[in-house]
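This is what each chain is made of:
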Amino acid sequence: MDSRPGGFEYWVSDEQLATFAAATPAARLAWLEQMREFTYRVATDQTRERWRKLRRGE
C-alpha cells in the first residue's frame with residue numbers, strides 16, 4: 001500500500017469481506033448508517049461544510 005503523509009489506509013481481509021457478504025441487506029444498511037454517522041462525527045467543520053456545498057450543488 002502507498003503510505004503518503006496526511007492520509008490514511010486500511011486493509012480488509014477476505015474473511016471480513018465474506019462476513020459482510022453473508023450479512024442480510026438490513027444488516028448491511030445498518031452498518032452503512034453507522035459508518036456514515038462515524039464519518040460525520042470525526043470530520044472537521046471544514047469538511048462538513050464542503051459536504052454541505054456538494055449537496056447543494058455548489
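Criteria and thresholds
- Residues numbered from 1 in each chain as written.
- Predicted model: local features only at pLDDT ≥ 70, side-chain atom pairs only at ≥ 80, totals over all residues.
- Heavy atoms only, no water.
- Helix = DSSP H or I, 4+ residues; strand = E, 2+ residues; numbered from the N terminus.
- Buried < 20%, exposed > 50% of the residue type's maximum accessible area, 1.4 Å probe, protein only.
- Lys, Arg positive; Asp, Glu negative; His and termini not counted.
- Charge placed at Lys NZ, Arg CZ, Asp CG, Glu CD.
- Patch = residues over 30% accessible without salt bridge, like charges linked within 9 Å, V, L, I, M, F, W, Y side chains within 5 Å.
- Areas by Shrake-Rupley, 256 points an atom, 1.4 Å probe, with all protein chains shown as cover.
- Salt bridge = Lys/Arg side-chain N within 4 Å of Asp/Glu carboxyl O.
- Contact = heavy atoms within 4.5 Å.
- pLDDT = per-residue confidence, 0-100.

J.: I'm lost on the overall build of the chain in this one. Help?
T.: Counting its regular elements, the chain contains three helices and zero strands. If you list the helices and strands of the chain from N to C, you get α-α-α. Judged by the C-alpha coordinates and their principal axes, the chain covers about 40 × 30 × 20 Å. Burial status across the chain gives 5% buried among its 58 residues. Once the 10 positive and 9 negative side-chain charges of the chain are each reduced to a mean point, those two points are 8 Å apart.

J.: I keep staring at a nonpolar patch on the surface and nothing clicks. Help me out?
T.: There is a patch of nonpolar side chains on the surface, built from Phe20, Leu29, Trp31, Leu32, Met35, Phe38 and Val42 and spanning about 680 Å² of accessible area. Top contributing element to the nonpolar patch by residue count: helix α2 (residues 25-42), with six residues. Structurally, Phe20 can be placed in helix α1 (residues 14-22). Since its relative accessible area comes to 36%, Phe20 is described here as partly exposed.

J.: What should I look at first to understand the side chain of Arg48 in this one?
T.: Assignment of secondary structure puts Arg48 in helix α3 (residues 45-56). When neighbours within four sequence positions are excluded, Arg48 is seen to be in contact with Tyr40, Arg41, Val42 and Ala43.

J.: Sorry if this is basic, but what is going on with the confidence of the model for the chain here?
T.: In low-pLDDT segments, the atomic positions of the prediction should not be examined closely. Per-residue pLDDT for the chain has a mean of 91; in total, 93% of the residues score no lower than 70. When mean pLDDT is compared element by element in the chain, α2 scores highest at 96, while α3 scores lowest at 94.

J.: Help me out: how do you make sense of the pattern of salt bridges in this one?
T.: Oppositely charged side chains may form a pair once their charged atoms are brought near each other. Under the definition given, this model contains five salt bridges. We note a salt bridge from Arg36 to Glu33, for which the minimum N-O separation is 2.6 Å. Note that Arg36 and Glu33 are positioned in helix α2 at a spacing of three residues, about one turn of the helix. Assessed through its relative accessible area of 48%, Arg36 is described here as partly exposed. Residue classification places Glu33 among the partly exposed positions, given a relative accessible area of 34%. Measuring nitrogen to oxygen at the nearest pair gives 3.3 Å for the salt bridge that ties Asp45 to Arg48. Residue Asp45 and its partner Arg48 are both found in helix α3; the two are separated by three residues, about one turn of the helix. For Asp45, a relative accessible area of 60% puts it in the exposed group. Each of the salt bridges in this network shares a partner with another, and the network as a whole consists of Glu49, Arg52, Arg56 and Glu58.

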